[in-house]
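Notes for the structure review
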Amino acid sequence: ATQGNYAVTYTAGELTINKAGTMTVAGTKYIGEYDGQTHGTAASASVTEGTTVKYSVDDGKTWTDEYPTIINVGKTEVTVKAINDNYKDATATYTLEVTPKAVTVKANDKTKTYGEADPVLDAEISGTIGIDTVTYTISRAAGEDAGKTYAITPAGEATQGNYAVTYTAGELTIN
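All values reported here derive from a predicted model rather than from experimental measurement.

The subject of this paragraph is the overall build of the chain. What the chain contains, in helices and strands, is zero helices and 16 strands. What you see for the chain is a C-alpha radius of gyration of 33 Å, clearly larger than the 16 Å of a compact globule of 175 residues, by over 25%. Principal axes of the C-alpha set define a box for the chain whose edges measure 130 × 20 × 20 Å. Looking at the chain as a whole, 26% of its 175 residues are labelled buried. Within the chain, residue pairs in contact and separated by at least 24 positions form 57% of the contacts whose partners lie at least 6 positions apart. Working note: accessible area of the chain is about 11300 Å², and carbon and sulfur atoms make up 49% of it. The chain carries 13 positive and 22 negative side-chain charges, and their two centres are separated by 4 Å.

The subject of this paragraph is the sheet that holds strand 11 (residues 123-126). Strand order in the open sheet formed by four strands is 11-9-15-14, with mixed pairing between adjacent strands. Taken across any chain shown, the strands that pair with only one partner, and hence form the sheet edges, are strand 11 and strand 14 (159-160). As paired elements, strand 9 (residues 101-107) and strand 15 (residues 163-168) share six bridges and run parallel to each other. Directly across from A102, in strand 15, lies its bridge partner A164.

A negative phi holds for most residues other than glycine; trans holds for most peptide bonds. Its identity as a non-glycine residue notwithstanding, D59 has a phi of 60°, on the positive side. Residue D59 is classed as exposed on the basis of its relative accessible area of 71%.

For the structure on display, the rule yields two aromatic pairs. Ring geometry for Y34 against Y163: centres 5.6 Å apart, planes inclined by 85°, an arrangement best described as edge-to-face. In this pair, Y34 is assigned in the loop between strand 4 (30-33) and strand 5 (44-45) and Y163 in strand 15, connecting sequence segments 129 residues apart. Centroid distance Y55 to Y67: 6.4 Å. Interplanar angle 65°. Geometry classified as edge-to-face. Residue Y55 is located in strand 6 (residues 52-56), and its partner Y67 is located in the loop between strand 6 and strand 7 (74-84); the two are separated by twelve residues in the primary sequence. Classification of Y67 as partly exposed rests on a relative accessible area of 37%. Above the plane of the ring of W63 lies K81, whose end atom (NZ or CZ) is 4.3 Å from the centre.

Looking at the secondary structure, you find K110 in strand 10 (residues 110-112). A polar contact is formed between the side chain of K110 and the backbone oxygen of V120, at a distance of 3.3 Å.

Quick notes on the rules
- Residues numbered from 1 in each chain as written.
- Predicted model: local features only at pLDDT ≥ 70, side-chain atom pairs only at ≥ 80, totals over all residues.
- Heavy atoms only, no water.
- Helix = DSSP H or I, 4+ residues; strand = E, 2+ residues; numbered from the N terminus.
- Rg over C-alpha atoms; globule rule 2.2 N^0.38 Å.
- Buried < 20%, exposed > 50% of the residue type's maximum accessible area, 1.4 Å probe, protein only.
- Contact = heavy atoms within 4.5 Å.
- Areas by Shrake-Rupley, 256 points an atom, 1.4 Å probe, with all protein chains shown as cover.
- Lys, Arg positive; Asp, Glu negative; His and termini not counted.
- Charge placed at Lys NZ, Arg CZ, Asp CG, Glu CD.
- Pairing = 2+ DSSP bridges.
- Phe/Tyr/Trp six-rings, centres within 6.5 Å; stacked < 30°, edge-to-face > 60°.
- Lys NZ or Arg CZ within 6 Å of the ring centre and 35° of its normal.
- Polar contact = N/O pair within 3.5 Å; in protein donor to acceptor, adjacent residues only side chain to side chain.

As structure tokens, then:
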């Protein structure tokens, strides 16, 4: 093209738009005693439009769209990543942890008359959720003397699934 005394040549240039670096992402930590409920929520990114959030529970080896949850006793380390074509990826980590619920197995006190057979030894279990149970054995100290008491002792594993179990003795009184 000619413009007065000049022959003008036009050459196209490029506009490069770099990713912004200001996006953040955060997940919500959970720590609590076992309650039979599901815990865990979706993470949130500071930029929502056009952002995809991914989760990993194996140090970033595999990623999923589903946010992790926890029900039973244990600990899960979660890595969360926010991806957006206009921003640098943002990552964060958080923990989901369920601790054992306290349960007590208390032997019921019993009585018997000298010379009779022992009553059935049993215990009350308190602290379990729903139909959950813990297992234990129960025995009593040896002896058959009238006017004396003998320990009734429940025993079992201290950790049973989602429960931390404490055992409390009772007494057998012989009249």
